[in-house]
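Survey of secondary and tertiary structure
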Amino acid sequence: MQTIIVDLQERAYPIHIAPEGWEALPHAIDGTIKGKKVMVVCDENTHRLYYSPVKSMLEAKGYTVYQAVVPPGEASKSFEQAQALYTKALEANLDRSSTIVALGGGVVGDLAGFIAATYMRGIGFIQIPTSLLAQVDSSVGGKVAINHPLAKNIIGAFYQPRMVFINPRTLSTLPPREFATGMAELIKHAFIADGDFITWLEQNMEALLSCDVQALTHALYRSCSIKARVVEQDEREAGLRMILNFGHTIGHAIESATGYSKYTHGEAVAMGMVYEAKIAVHRGLIGREYVERLSSLLERAGLPTRLEAADWGLIIQRMAYDKKNVDSRIVFVLPTGYGKVEVFKDVAMDEVRWALTGREKKEGK
């Protein structure tokens, strides 16, 4: 088992990456659960696959385990499901010494974390992410949230877990498209912070796609280390943490403009990274070979790199609603080299239009 410490002083916590699988969980949880009651939140899929071994190991350590199962999918990050989980917690008589365990992907982690952050003004929280996207992104950093009908992730908090436990072996059960969506964030980490990791990914992509446990463990460790170091320096996204949003300004607009149904989050971010890299080319920050190298790696991971047909005007319009914007200015994270990005607040709409369509706005249009 490999361990990364997210050093947030009194809120510090370990990320355990366990290639040996569930057998490492009993050792990992030592000292992280204060009371005797644990509520495991999972969706119907992760309940079927992983709840039994996790429950057995928690019970073997002397904990009383309660289950809370929600429907799979983004729709579960809702007021209604939050209310149902509060009721489950009350029925189980969870108190301030109790712990909520999120067992599943990003939706489960965000929802369960939101409940942990707000039930009795905050109780123990452990993340056991089972999707690649959750393992390299949403489980690390303490962002928890539910959705409002008008906006995604708009109701939430920064609430750090007491521990993150990653079992790379769960990734072999993911459908290829869901695995690919996690690869987008993993590749993003390399391009924003570690040029050597880009080369490693190029050399080991086939091993990752075949779910080689050794390769996955190495990639997870490097990816989580990058995010942990950023979070340590900027826990609440006041500055540096914004670099994690490379690809997200255009990516979120693509998701929104297509009704959050045509593309996965990772697919939208993959295209967003390519288009935002083109803005950087237009500005002379990088060369065209950067875009080609990024596109090639994303395509090898099974991700799209361009929109075949789109309402470009709507996509540009949706960027104006991005929660990262400052004083009505659209904020972009643009690459300035391999493993290097900077935040820009002065990108003109003509630059965005050129990146998306390959042409400037015509006079009189």
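The structure displayed is predicted, hence computed values, not measured ones.

About the cut-offs
- Every residue gets a number counted from 1 within its own chain, in the order that chain's sequence is written.
- Only residues with pLDDT of at least 70 get local features here, since the model is predicted, and only at 80 or more are side-chain atom pairs given and counted; chain-wide, interface and lining totals rely on the full set of residues.
- Where side-chain values are given, they derive from all heavy atoms of the structure, hydrogens and water being excluded.
- To qualify as a helix, a DSSP run of H or I must reach at least 4 residues; to qualify as a strand, a run of E must reach at least 2; elements of each kind are numbered from the N terminus.
- Burial here depends on accessible area, computed with a 1.4 Å probe over protein chains only, as a share of the maximum for the residue type. Under 20% is buried, over 50% is exposed, and the range in between is partly exposed.
- The span one expects for a helix is its residue count, reduced by one, times 1.5 Å.
- Any two strands with at least two DSSP bridges between them are considered paired.
- Interaxial angle, 0 to 180 degrees, is taken between N-to-C directions of lines fitted to C-alpha atoms, where a helix line uses only the stretch in contact.
- Any two residues whose heavy atoms approach within 4.5 Å are treated as being in contact.
- UniProt positions are given in the numbering used here, feature names are shortened, and annotations may be inferred rather than shown by experiment.
- In this description, one arc is meant: the one made by directions from the helix axis to the C-beta atoms.
- Orientation categories follow fixed angle ranges, with anything under 35 degrees roughly parallel, anything over 145 roughly antiparallel, 65 to 115 roughly perpendicular, and all other angles oblique.
- A clockwise turn of the near helix away from the far one marks a right-handed crossing, whereas an anticlockwise turn of less than a right angle marks a left-handed crossing.
- Three classes are used, and their members are as follows: Ala, Val, Leu, Ile, Met, Phe, Trp, Tyr, Cys and Pro are nonpolar, Asp, Glu, Lys and Arg are charged, and the others, Gly among them, are polar.
- Two rings belonging to Phe, Tyr or Trp (six-membered ring only in the last case) form a pair when the distance between their centres is within 6.5 Å. Interplanar angles under 30 degrees mark stacking, angles over 60 mark edge-to-face geometry, and anything in between is tilted.

Below, the discussion takes up the environment of T99. Turning to its location among the elements, T99 is positioned in strand β5 (residues 99-104). On the basis of relative accessibility, which here comes to 0%, the residue T99 falls in the buried class. Residues T99 and V331 lie 232 residues apart in sequence; the distance between their C-alpha atoms is 37 Å.

Turning to helix α10 (residues 265-282), a few remarks are in order. An α-helix turns once every 3.6 residues. As a result, residues three or four positions apart point the same way. With 18 residues, α10 extends 26 Å from end C-alpha to end C-alpha; this agrees with the ideal 26 Å at 1.5 Å per step. Most of α10 sits inside the fold, with 16 of its 18 residues counted as buried. Just downstream of α10 lies G284, where phi reads positive at about 80°.

The backbone of M120 sits at a positive phi, close to 55°, despite the residue not being glycine. The topology assignment puts M120 in the loop between α4 (106-118) and β6 (124-129). Its identity is not glycine, yet R121 carries a phi of approximately 65°, on the positive side. Considering the arrangement of structural elements, one finds R121 in the loop between α4 and β6.

Now for the pairing of strand β8 (residues 151-158). In this structure, strand β7 (residues 143-148) lies alongside β8, joined through five bridges in antiparallel fashion. Bridge assignment links H148 to a residue of β8, and that residue is A151. Here β7 folds back onto β8 in antiparallel fashion, the turn holding two residues.

As a further point, take the sheet that holds strand β9 (residues 163-166). Within a beta sheet, neighbouring strands are joined by backbone hydrogen bonds and run either parallel or antiparallel to one another. Pairing is mixed in the open sheet, where seven strands are placed in the order β1-β2-β9-β6-β5-β3-β4. Each end of this open sheet is capped by a strand with a single partner; those strands are β1 (2-6) and β4 (64-70). With direction set aside, neighbouring strand axes in the sheet form an average angle of 20°. Relative to β6, β5 runs parallel, the two being bridged by six bridges. The partner of G104 across the bridge, within β6, is P129. The strands that helix α2 (residues 44-60) touches are β3 (37-43), β4, β5 and β6; relative to β3, the one it contacts most, it runs at about 160°. Together, β3, β4, β5 and β6 form the strand contacts of α4, whose direction differs from that of β5 by roughly 170°.

Glancing now at the UniProt feature "binding site: Zn(2+)" (unreviewed entry) in the protein chain. Here, the residues flagged by UniProt with the feature "binding site: Zn(2+)" (unreviewed entry) are E185, H248 and H265. Spatial clustering of the annotated residues is evident: they stretch over 81 residues in sequence, but the largest pairwise C-alpha distance comes to 10.2 Å. By the element assignment, E185 lies in helix α6 (residues 176-193). Other than its neighbours up to four places away in sequence, E185 contacts L133, V136, D137, H248, H265 and V269. Topologically, H248 is positioned in helix α9 (residues 248-257). Classification of H248 by relative accessible area gives buried; the value is 5%.

Let us look at helix α11 (residues 288-300). With 13 residues, α11 extends 19 Å between its outermost C-alpha atoms, agreeing within 8% with the 18 Å of an ideal straight helix rising 1.5 Å per residue. Among all positions in α11, only Y290, V291, L294, S295, L297 and L298 are buried. For α11, the buried positions fall inside an angular range of 165° around the axis, keeping them on one side. The exposed residues of α11 that point more than 90 degrees off its buried face are R288 and E292. On its buried side, α11 packs onto α6, α7 (195-209), α10 and β10 (332-337). After α11 finishes, the residue G302 shows a positive phi value of roughly 90°.

What follows concerns the packing of α9 against α10. Running from N to C, α9 and α10 cross one another at 135°; their axes reach a closest spacing of 7 Å. What the angle tells us is that α9 and α10 run oblique. Handedness of the α9/α10 crossing: right-handed. Taking contact as the criterion, the partners of H248, T249, I250, G251, H252, I254 and E255 in α9 are, on α10, H265, A268, V269, M271, G272, Y275, E276 and I279. Of the residues that constitute the contact of α9 with α10, the class distribution is seven nonpolar, six polar and two charged.

In this structure the tally under the stated criterion is five aromatic pairs. Taking 6.0 Å as the distance between ring centres and 25° as the angle between the ring planes, the aromatic pair formed by W22 and F165 counts as stacked. Residue W22 is located in the loop between β2 (13-17) and α1 (25-29), and its partner F165 is located in strand β9; the two are separated by 143 residues in the primary sequence. Classification of W22 by relative accessible area gives buried; the value is 14%. Note on F191 and Y290: the rings are 5.5 Å apart at their centroids and 75° apart in plane angle, and the pair reads as edge-to-face. Here F191, found in helix α6, pairs with Y290, found in helix α11; they are 99 residues apart in sequence, far enough to count as distant. Residue F191 is classed as buried on the basis of its relative accessible area of 0%. By relative accessible area, which is 2% here, Y290 ends up buried. Cluster of aromatic residues (ring-pair linked, three or more members): W22, Y50 and F165.

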